[in-house]
Structures are given as C-alpha cells and as structure tokens.
Amino acid sequence: MRKQIAAANWKMNLSWSEAEQLLNDLLSSSYHLSENQQVIISVPAIYIPLAIQKVAEKSGVHIAAQNCYPKANGAFTGEISAPMLASVGVKHIVIGHSERREYFNESDTFLAEKVNATLAIGSTPIFCCGEPLAIREAGTQNEYVAKQIEASLFQLSADEISKVVIAYEPIWAIGTGKTATSDQAQEIHAYIRSVLAKQYGENIAQSISILYGGSVKANNAVEIFSQPDVDGGLVGGASLIVTEFNAIINALK
Ligand code: PEP
C-alpha cells in the first residue's frame with residue numbers, strides 16, 4: 001500500500017519562537033495518523049535540529065530539509081550538503097521546488113545530482129515537478145512534466161526510484177489560491193504513474209507516492225486526496241496555520 005503523506009513546506013517563513021510555537025501547536029493537535037500515513041514538515045534549515053528534537057517521540061511525523069547541495073563537502077560557501085543534513089537526523093529532502101528552479105536557476109541535471117546525493121545518504125527525495133501556466137494553456141503539461149521526471153530521475157535504478165516521493169505542483173497553482181481541479185490532478189498523476197511504469201514496471205510505479213501541491217487547503221484537501229492516484233499533498237501557505245494543516249492531515253486517505 002502506498003504511503004499517504006501530508007507534507008508541509010514552510011518556505012522562508014517564521015522566527016525561531018514562531019517555529020517552536022507552530023510545532024508545539026501542531027504536535028498537540030488532534031490529527032490522527034494510521035499505519036500508512038505520514039506527516040513530513042519541511043522547515044528552514046536553521047530550525048531543523050529544533051524540529052527534529054520536537055518530533056522525536058511522534059511516530060509518523062518527520063522533518064525534511066527544503067534543499068541540499070549535491071557535493072558532500074568543500075568550498076561551497078553558504079550551502080548545506082546531504083551528509084550534513086543526515087548527521088542531524090534528516091531523512092527527507094525536498095528537491096526541485098519550482099521556486100528553486102525559477103529563482104536559483106536549478107536545472108534538471110543539477111537536480112538529478114541532488115536526487116543522487118539524497119539517496120546516497122539513505123534519505124528520501126521529495127522530487128517536485130510541474131508546469132507553468134503557459135504550458136498548461138498550450139495543453140502540453142504531460143510532455144513537460146515527463147521530461148522533468150526523465151531528466152532528473154531516470155538515472156536511478158529500480159531500487160532507488162522506489163525510495164523517491166514525487167510532488168506534482170503546477171506552478172500556476174502555487175501560492176495563487178488557484179487549485180487544479182481534482183480531475184486535473186488525477187489525470188496528470190495517473191499520467192506520471194504511467195511514465196514511471198513504462199520505465200520501471202507497473203509494480204514499482206504503483207508503489208511510488210505522488211503528492212499534489214498548489215493551494216491545498218482544509219476545504220479542498222478531501223476532494224483532491226480522494227483521487228486514486230493522489231497520495232496526499234505538499235502544502236505551503238496552509239501548513240503555517242495549525243487548524244488548516246491539521247484538517248489537511250485528517251483528509252489523507
Ligand atoms: C508549495 O510551497 O509547495 C505550495 C504548494 O504552496 P501553496 O500550498 O501555498 O500553494
């Protein structure tokens with residue numbers, strides 16, 4: 001059975017005390033996780049040790065990094081490597097968020113290196129893909145997303161790809177309040193799974209969790225997550241509001 005995941009992306013938000021408060025509020029709130037459900041909270045790097053300590057006793061709740069650098073160490077001022085993240089207990093790393101692709105010019109090839117570096121330290125890449133508005137309007141979103149996946153993931157062995165989580169996030173829906181309809185989400189998630197199946201076989205494709213991201217809120221999560229190929233969400237804005245994120249966790253299948 002595929003993991004159903006509610007992943008938070010705090011992006012570059014919150015002070016130390018606000019982060020601590022949000023974690024306290026979330027961890028003491030009334031969400032319920034079953035065996036195949038996970039919560040993954042991706043926090044700014046500086047809060048990772050605090051957050052890991054907070055969730056230590058909570059089964060099914062994990063802390064993720066929002067990024068890593070693909071080299072293990074060296075003269076890369078300001079960067080944080082995957083082994084460094086592993087050394088503080090990180091087991092999940094978000095790779096290829098559209099904000100990193102757009103504002104930091106991260107290419108498919110560079111992202112492939114980050115995926116490799118994440119797997120090399122035994123962590124799970126949460127690999128983001130998704131099309132801009134112009135591509136959606138041209139109707140070529142499937143080809144666009146397939147290319148992103150092929151270029152950054154198809155270097156992986158079958159064993160390696162089984163450890164990846166994919167987050168489909170149409171750029172036109174991120175932080176805009178516009179959500180893909182549940183039919184649009186299902187259609188492209190099923191397509192992504194077919195791309196994986198063609199390369200790695202149906203069994204592996206069926207085992208990979210594919211999350212939807214783009215203005216997921218408490219009031220649309222149940223409908224989006226109920227789609228057969230949607231295995232939860234990657235949530236930005238709503239993950240900063242405890243009642244919203246709590247409801248999103250409870251919307252998991
Ligand atoms: C995101 O940050 O990945 C995201 C989907 O943001 P939002 O939920 O705010 O659209």
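Here, every reference points to the structure presented above.
Please read all numbers here as calculations on a predicted model, not as lab measurements. (Residues numbered from 1 in each chain as written. Predicted model: local features only at pLDDT ≥ 70, side-chain atom pairs only at ≥ 80, totals over all residues. Heavy atoms only, no water.)

Asker: Help me understand the packing of helix H5 (residues 108–120) against helix H7 (residues 141–153) in this model?
Answerer: Describing two packed helices takes the angle between their axes plus the distance from one axis to the other. Viewed as axis vectors pointing N to C, H5 and H7 meet at an angle of 50 degrees, and their least axial separation amounts to 7 Å. Accordingly, the angle class assigned to the pair H5 and H7 is oblique. In the packing of H5 onto H7, the handedness of the crossing is right-handed. Packed against H5, whose contacting residues are Asp108, Leu111, Ala112 and Val115, the element H7 presents Lys147, Gln148, Ala151, Ser152 and Leu153 at the interface. Within the contact of H5 with H7, the residues separate by chemical class into five nonpolar, two polar and two charged. (Axes fitted to C-alpha atoms, helices over the stretch in contact; angles between N-to-C directions. Helix = DSSP H or I, 4+ residues; strand = E, 2+ residues; numbered from the N terminus. Parallel < 35°, antiparallel > 145°, perpendicular 65-115°, else oblique. Left-handed = near helix turned anticlockwise from the far one by under 90°. Contact = heavy atoms within 4.5 Å. Nonpolar A, V, L, I, M, F, W, Y, C, P; charged D, E, K, R; others polar.)

Asker: Looking at this structure, I do not really get the nonpolar core. What am I missing?
Answerer: Soluble globular proteins: nonpolar side chains tend toward being buried together. Residues Ile41, Ile149, Leu153, Ile166, Ile192 and Leu196 are the most contacted members of the largest nonpolar core, which totals 71 residues. Per-element accounting of this core gives the leading share, seven residues, to helix H9 (residues 182–200). Those residues in contact with Leu153 that lie beyond four places of it in its chain are Val115, Phe127, Ile161, Val164, Ile166 and Tyr200. Counting residues in hydrophobic clusters, the runner-up holds 11 residues, among them Ala7, Ile40, Ala64 and Ile126. (Core = buried A, V, L, I, M, F, W, Y, C linked by side-chain atoms within 4.5 Å. Buried < 20%, exposed > 50% of the residue type's maximum accessible area, 1.4 Å probe, protein only.)

Asker: Looking at this structure, how should I read the sheet that holds strand E5 (residues 124–129)?
Answerer: In a beta sheet, neighbouring strands pair by backbone hydrogen bonds and run either parallel or antiparallel. Overall, parallel pairing links the eight strands, which are arranged E1-E2-E3-E4-E5-E6-E7-E8 in a closed barrel. Between one strand and the next, the sheet's axes are offset by a mean angle of 25 degrees, whatever the strand orientation. Taken together, the six bridges between strand E1 (residues 4–9) and strand E2 (residues 37–42) define a ladder with parallel strand orientation. Bridged to Ile5 within E2 is Gln38. Against the sheet, H5 touches strand E4 (92–95) and E5, its axis set at about 160 degrees to E5. (Pairing = 2+ DSSP bridges.)

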